[in-house]
Amino acid sequence: MKKFSSEFLLGAATAAHQVEGSNTNSDFWAMENVTGSMFKEPSGDSVDHFNRYKEDIGLMANAGLNAYRFTIEWARVQPAKDIFDDNAIRHYREMLEYCRAKGVEPIVTMHHFTSPKWLIYEGGWENESTADYFAAYCSCVVKELGHLMRYVCTINEANMGLQLVKLVKDMMAKLGDVQTGIDMNALMAERMKPMTVAFPGADPGKIHHFLSPRTPEGDLVIARAHEKARDAMKAVRPELQIGITLSLHDFQPQPGCEAIAHAEWDEEFLHYLPHLEKDDFIGVQNYSRRIIGKDGGLPPPEGAELTQMGYEYYPEAIGNVVRTVSKSWKKPIIITENGLSMDDDSRRVEFIKRALKGVQSCIDDGIDVRGYMYWSLLDNFEWMLGYEKTFGLIAVDRTTQTRTPKESLTVLGGYRG
Ligand code: BGC
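Everything quoted here is computed from the prediction, not taken from an experiment. (Residues numbered from 1 in each chain as written. Predicted model: local features only at pLDDT ≥ 70, side-chain atom pairs only at ≥ 80, totals over all residues. Heavy atoms only, no water.)

1. As for the site of the ligand
Near the ligand lie 14 residues; those nearest to it are Gln 18, His 112, Glu 157, Glu 337 and Glu 382. Contact distances for the ligand include 3.3 Å between an oxygen atom and a side-chain N or O atom of Trp 375. Within the contact set of the ligand, an oxygen atom lies 3.0 Å away from a side-chain nitrogen or oxygen of Trp 383. Taking 310 Å² as the accessible area of the ligand by itself, protein coverage stands at 93%. (Near = heavy atom within 4 Å. Polar contact = N/O pair within 3.5 Å; in protein donor to acceptor, adjacent residues only side chain to side chain. Areas by Shrake-Rupley, 256 points an atom, 1.4 Å probe, with all protein chains shown as cover.)

This is the structure in structure tokens:
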């Protein structure tokens, strides 16, 4: 097995809301805890990473990992519009210090899907003022904690809202095909009812959390939020290495479908590039490939092995995506997420080995890949799907919060140079 160089950042990722527990001032908490919620179950106390982070960081460090990507949760740091919470800052200071004490480089994400509930009342992610609020929050964090940070991801999967639009359109088209007679407007109004309870007093048509399907104007708000946050953090600490993260598919066009694949790649990646010119790195996140036919994305090939998420098991995708990104991105690349959900850990071990082979071949060809973060360090809260998906390198029994490292954790750590 070929190891990475000693400077290579080899680690795992989490997101605050998915692991910490009790993120009570966030918009997602509100949406999870209403009758008729679209969430399978609420996040509750999650896997209690807020209190158990030392154990978790200790396990990764012992296995040989030298980097940890995690979120500083906006809803904790700024639970109300005019309150910056010292206790939350203290918590994240201790966490950053603990990483450093364990020889683990923190890669901090400033926004990973969840926002403070108050932001939704201000118009959320379709409102220009969000870019300024976000920049102010980032600047405050960096003033307090920037001396302990080196790598910062502004926004996780900034392109997710556009991808959701595509998903919803596909679903509507299918529903229309098979269930004619359904009044889609009435159906949507029904789906919005819990939202009016989660955000009382807000106009139901204007509740824009981060995973709401996004308009082109909303997409620009996100891009500007990234730019303003980056510039605000750089103004405080110019030495920080700052980038965005994007969810990117390995598009594989069938013959004759290259232009369709290119249009998808443009929407998913290329059109953001003008907003990233002053960035220091880009965070690449990938889970599978997408075969493109004449009508767009095709389902996985007949007989393909699927993960619990229904994605094709396809570890080669990450190397392919990095190569495609590198054609138009000449600065450092950090793989900020790559992984799979499967109970059989031997399939994860195999996935990691094949994925890393692809990454190493990119590096051998001169592509500047600085790190690889497996998603995820822990089995955790997979958003609307709740707790049954197992992405983790470490299993968690949520009745006792007992951690059990999987073989895949050891295997990943073994690649450390
Ligand atoms: C997100 C994670 C999520 C993972 C697996 C990524 O899109 O950043 O929060 O858990 O995929 O679905």
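2. As for the side chain of Glu 264
Along the chain, Glu 264 falls in helix α11 (residues 258-268). There is a polar contact of 3.4 Å between the side chain of Glu 264 and the side chain of Arg 290. Not counting the four nearest positions on each side in its chain, Glu 264 is found in contact with Lys 166, Phe 251, Arg 290, Ile 292, Gly 296 and Gly 297. (Helix = DSSP H or I, 4+ residues; strand = E, 2+ residues; numbered from the N terminus. Contact = heavy atoms within 4.5 Å.)

3. Remarks on the pairing of strand β7 (residues 281-286)
Of all six residues that make up β7, six are buried, and the element is covered over most of its length. Burial along β7 is two-sided: Phe 281, Gly 283 and Gln 285 facing one way and Ile 282, Val 284 and Asn 286 facing the other are all buried. Pairing analysis gives five bridges linking strand β5 (residues 241-247) to β7, with the strands arranged parallel. Paired with Ser 247 across the two strands is Gln 285, which belongs to β7. (Buried < 20%, exposed > 50% of the residue type's maximum accessible area, 1.4 Å probe, protein only. Pairing = 2+ DSSP bridges.)

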